[in-house]
Amino acid sequence: MTPTERTRELPEPPGTTGPARTRTVPAGLLRIGTAAAGAAAAALFLAGCSAPGTGIRAEGPARTESAPTPSPAPSSATPRRVDPVEIIKNDPKIAPEIRKRLEPCAADEYPVDVSYGTLTGNDVPDVVINVLTCQDSFGIAAYVYREQDPETPRPGQEGDSGDELPGTVGVDGRRYRKVFADEISPVYAEIVGGELEVKKQIYASGDKVCCPSGEEVVTYRWREGAFSERDRIYNDYSKSAGGGHEEPSPSPRPED
């Protein structure tokens, strides 16, 4: 056997007896095989370090991911409430008929609906007041009042400022100016999408109070210190259902 050859034992097949068989393998081949195995192991180790998801973690500084900070919820400030009855009673420009009909329905409960919202671009909400009847909540007048700062001149006029603010109504130490009025019943005003929507029922002869023949809806937008009409819609209602018309009373049966 030459120095370049090595003797290598081979395992016997199961069930055989006797001396172990040997096979001569060149030493060079042994060295090459060992080197190849080592290179393969190194390649696997390096691949594991670089390939993601192989279960081998690459060392290094830990990454910190900060959770997003939730935005604060917008605060819903409660509007400063005002006594609508005091406004109407203190306003000298209210029609005498409306003032007379503004009476409590029970104890101190007046038939008045109040809404607060932004209509005129003021820093504080505007006040929408609807005067109703006690019996059937029939709208008889609608108003919009705008809180007036003592230092702010009257809309559309220069130099009309001061503590008294002519044309304004004082309630609870604040001044309010009437910027809209509709005293022709039936009428009801609402704030819809930052605009003033005024509804007026249309009654034909024989209509019940609950069931008008139609409705007119007028939308107003605040421009240059006053409300201007933006849209007008007419709605006709069907009378085929619901008994909208008053049925004539039957004639009395003649006596025999």
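Since this is a predicted model, take the numbers as computed values, not measurements.

Draft legend 1. Region of interest: the nonpolar core. Within the largest apolar cluster, 19 residues are counted, with the highest numbers of intra-cluster contacts made by I98, V131, Y143 and Y145. Elements supplying a minimum of two residues to this core: α2 (84-90), β4 (126-132), β5 (139-148) and β6 (168-171). With four residues, the single largest contributor to this core is β5. Every residue in contact with I98, bar those within four places of it in the chain, is listed here: V131, I140, A141, Y143 and E183. Among the nonpolar cores identified, the runner-up in size contains 14 residues, and L119, V144, V179 and V218 belong to it.

Draft legend 2. Inspection of the packing of aromatic side chains at higher detail. Going through the model one piece at a time under the given rule, you end up with five aromatic pairs. Clustering of aromatic rings is evident, with ring pairs tying together F180, Y220, W222 and F227.

Draft legend 3. Fine view of the sheet that holds strand β10 (residues 214-223). Spatially, β8-β9-β10-β11 is the arrangement adopted by the four strands of the open sheet, whose pairing is antiparallel. The two strands at the open ends of the sheet, each matched to only one other strand, are β8 (188-192) and β11 (226-236). Adjacent strand axes in the sheet meet at a mean angle of 25 degrees, parallel and antiparallel pairs treated alike.

Draft legend 4. Spatial organisation of the pairing of β4. Most of β4 sits out of view: seven of its seven residues are buried. By the alternation rule, side chains of β4 split into D126, V128, N130 and L132 and V127, I129 and V131, which are all buried. Across six bridges, the pairing between strand β3 (residues 112-117) and β4 is antiparallel. From the neighbouring strand, V114 faces β4, where its bridge partner is I129. With six bridges connecting them, β4 and β5 associate as antiparallel partners. Note that in β5 the partner of L132 across the bridge is G139. Between the antiparallel neighbours β4 and β5 lie six residues, among them S137 with a positive phi of about 55 degrees.

Cut-off values and rules
Residue positions are counted from 1 within each chain, in the order its sequence is given. Only residues with pLDDT of at least 70 get local features here, since the model is predicted, and only at 80 or more are side-chain atom pairs given and counted; chain-wide, interface and lining totals rely on the full set of residues. With hydrogens and water excluded, all non-hydrogen atoms of the structure serve as input to the side-chain values. In these notes, a set of buried Ala, Val, Leu, Ile, Met, Phe, Trp, Tyr and Cys residues joined through side-chain atoms within 4.5 Å is what counts as a nonpolar core. The classification of residues rests on relative accessible area computed with a 1.4 Å probe and restricted to protein chains. Under 20% of the type maximum is buried, over 50% is exposed, and intermediate values are partly exposed. Only DSSP runs of H or I with at least four residues qualify as helices, and only runs of E with at least two residues qualify as strands; both kinds are numbered from the N terminus onward. Every residue pair with non-hydrogen atoms within 4.5 Å of one another is taken to be in contact. Aromatic pairs are defined between Phe, Tyr and Trp rings, using the six-membered ring for Trp, whenever the two ring centres lie within 6.5 Å; interplanar angles under 30 degrees are classed as stacked, those over 60 as edge-to-face, and all others as tilted. Any two strands are treated as partners once DSSP identifies two or more bridges connecting them. With axes taken as lines fitted to C-alpha atoms, and helix axes fitted only over the stretch in contact, angles between N-to-C directions fall between 0 and 180 degrees.

Function cannot be read off these values alone, since they describe shape.
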